[in-house]
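Notes for the structure review
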Amino acid sequence: MKRTGIIVSALLAAVAAAPCLGTEGQEPRTPAEAADAVTVPEAWRDCLEAGPLTVAGGPFYGVIEGFGMIPVVPVRWSLRNLTDQTLYVEMGYGSRNPNGPGGTGMSVSYVLAPHEDRSIRDTAAVFSVAVPAKLRVGLDGLRLPGRTMDPPSRRSVVEGVALPPSPGRAAVFAFDGPLAVKHVRLTHAPEQGNRLEVLVANPTGRRCIVGVQVAVGDPARSDPALVETPLARSRGAFVEQMAAVEPGGESLLALPYRVPSDAGEAPALAYRVFEERGPIDADLLKRLALTERDVRHPDRPLIQAGGFDLAAAAAAGLAVLPPCVPVKERAKLTIQTASEHFLFRYRPDSFAAGNIESIIEVREAAYERLRGALDMDLPFAVTIDLYPDMEAKSLGSGTTWTPANTVNSRHIAEVCNETCQCDAAHEVAHLFSFQFGSGGDRLCEAFAVRWEQDVDLAAYRRRAAGRVADGTAADPLGGDVSEEAVTFVDCLMRRDLASFKAFMAACAREKTSEELDRAARAIYGAGLDDMRRWWREDLAAAEPRDGETSPNP
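First things first, this report covers the structure right here in the doc. Being a predicted model, the structure only gives us computed values, none of them experimental. (Residues numbered from 1 in each chain as written. Predicted model: local features only at pLDDT ≥ 70, side-chain atom pairs only at ≥ 80, totals over all residues. Heavy atoms only, no water.)

On to the overall build of the protein. Looking only at helices and strands, one finds 14 helices and 22 strands in the protein. Within the protein, the fraction of its 553 residues that count as buried is 55%. Pairs at least 24 apart in sequence give 74% of the contacts found in the protein among residues at least 6 apart. Counting only carbon and sulfur atoms, one obtains 50% of the accessible surface of the protein, whose full area is about 23,200 Å². (Helix = DSSP H or I, 4+ residues; strand = E, 2+ residues; numbered from the N terminus. Buried < 20%, exposed > 50% of the residue type's maximum accessible area, 1.4 Å probe, protein only. Contact = heavy atoms within 4.5 Å. Areas by Shrake-Rupley, 256 points an atom, 1.4 Å probe, with all protein chains shown as cover.)

Written as structure tokens, this is what we have:
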């Protein structure tokens, strides 16, 4: 297949302490810069030219896409597309917790038109544990027709990013570009609540779409056992708003935000203002073998980033803060409510307490879907602990790597608040699969994803069938949670439920493809290649017409 995309990844594994926050009216400061050239492998140099990657100053609290408030550093990078093809460019940021399990990964994506020069201005994630910041740049995943690339090369280009001397210094960064932020300010009124107002001017001759993301949290957290939680969205309030700005005009974006109870005594607000240049077109997604779940916002040039001290704003009457509840108190779940198949535990002052009836209704419906499809019941009542935030979940359950997970194969711990309600069926599906075999790394997660509320199996089959047809499909038994793996699980379930359960158990036991192939022959009388063929035939037979969808049964 002719591939017209190139993937370029810049990995940031970094950490920072004592980030600083901006204040209203503060002029953008000129940061100190550390830079080094990005090494482009020889085989790529006729298609991509990369200039210096610059870390433009020390860490401050900011917003990365939909992840919420986390420590960031400003980065600048120039790229040039030397080809006649459209290049797909991704800057990926990752971090690891040096004190134990846990970590996070995220990315911002861009599209380079043929022969386009691109000057990237963005913020890259760092992590708030006290070790020096390190920036690693890697070039990864480039595939052109007729070429086979060596494994990606990575080299550390910036180490020991200087930290600001105190968190009280301003950190408002403005980036080069045609759009301008005229003011950013906090307001509060009884009828409107807390709001952030951003006025953006468009001096260009084209209509632009601008966006603002706001996140609220506690910048003082430094306990390594708690800060590595991967989804910052669940650690603080997060809102986003988009608006059109006409040529030569201005647009005022007013974003209501909430201050969560876990924000501490000195909460902070971080914001980013960006231009939205639209999603990647569907044809390019297909050619790159990607889905909308992989790439949501491919091109969002940053205009400005900064933050506010909300305690100071509250003292000035520009914000209202809730009572501060210590994490040890938030981790105590003192209320219990039983339903037919579940025991829910939660706090009396929580989102879960105010919505427990609807939570029960949705969870029981998910249980009935699974029980009917799998022709079985769980031999125990499932305990679900509903924590108000990720930090409380981390302390109360000892699990830090995801907003929801199973404990001891019969107990679920998860975050449930205004901004994070976990899928009702995913973890319950795990508990069902544990009764006949987890599926191991190959199919365990794919089985649980198959039951998620927002999974459109018809769309999954349509996209997987298209990738099978053009030769870009992932191996459904490759170990990754892909649409191919989810549709493979669905195919086997519909073909023979008893054999599927036995195969899931075999996947949990057998460690190599040869061992699993022997197990498949004992169960199905056919090997793994035959099962892949069944799946491809099932996709071809079940592929719906364009525009046709089906809810997840």
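Having put the structure on the table, let's press on.
The five strands lie next to each other as β18-β19-β20-β22-β21, forming an open sheet whose pairing is mixed. Edge strands, defined here as strands with exactly one partner in the open sheet, are β18 (335–338) and β21 (404–407). When strand polarity is set aside, the average angle formed by the axes of neighbouring strands in this sheet is 20 degrees. Across the face of the sheet, helix α6 (residues 356–374) comes into contact with β18, β19 (342–346), β20 (382–387) and β22 (411–415) while running at roughly 145 degrees to β19. (Pairing = 2+ DSSP bridges. Axes fitted to C-alpha atoms, helices over the stretch in contact; angles between N-to-C directions.)

Quick look at the packing of aromatic side chains now. For any pair of aromatic rings, geometry is given as the distance between the ring centres together with the angle between the planes. Inspection of the entire model under this criterion finds eleven aromatic pairs. Consider the rings of phenylalanine 488 and tryptophan 535, whose centres lie 6.5 Å apart with planes at 75 degrees: the pair is edge-to-face. In this pair, phenylalanine 488 is assigned in helix α11 (residues 483–495) and tryptophan 535 in helix α14 (residues 528–542), connecting sequence segments 47 residues apart. Accessibility classification places phenylalanine 488 together with tryptophan 535 in one group, the buried group. In textbook terms, an aromatic cluster arises when at least three aromatic residues are bridged by ring pairs, as seen for Phe342, Phe344, Tyr367 and Phe432. It is arginine 495 that lies over the ring of tryptophan 534; its NZ or CZ is 3.6 Å from the centre. (Phe/Tyr/Trp six-rings, centres within 6.5 Å; stacked < 30°, edge-to-face > 60°. Lys NZ or Arg CZ within 6 Å of the ring centre and 35° of its normal.)

Residue position: valine 468 is located in helix α10 (residues 457–470). The class for valine 468 is partly exposed, based on a relative accessible area of 28%. Placed 71 residues apart in sequence, valine 468 and leucine 539 show a C-alpha to C-alpha distance of 8.9 Å. The contact partners of valine 468, leaving out residues within four places of it in the chain, are Ala473, Trp535, Arg536 and Leu539.

Another aspect to go through is the pattern of salt bridges. Scanning the model with the defined rule gives 30 salt bridges in all. Ionic contacts of the salt-bridge type, sharing partners, join the residues Arg450, Arg461, Asp490, Arg494 and Asp538 into one network. (Salt bridge = Lys/Arg side-chain N within 4 Å of Asp/Glu carboxyl O.)

The next thing to look at is the sheet that holds strand β11 (residues 180–189). Pairing is antiparallel in the open sheet, where three strands are placed in the order β11-β12-β15. The open sheet has two edge strands with one neighbour each: β11 and β15 (250–256). When the angles between neighbouring strand axes are averaged without regard to direction, this sheet yields 20 degrees.

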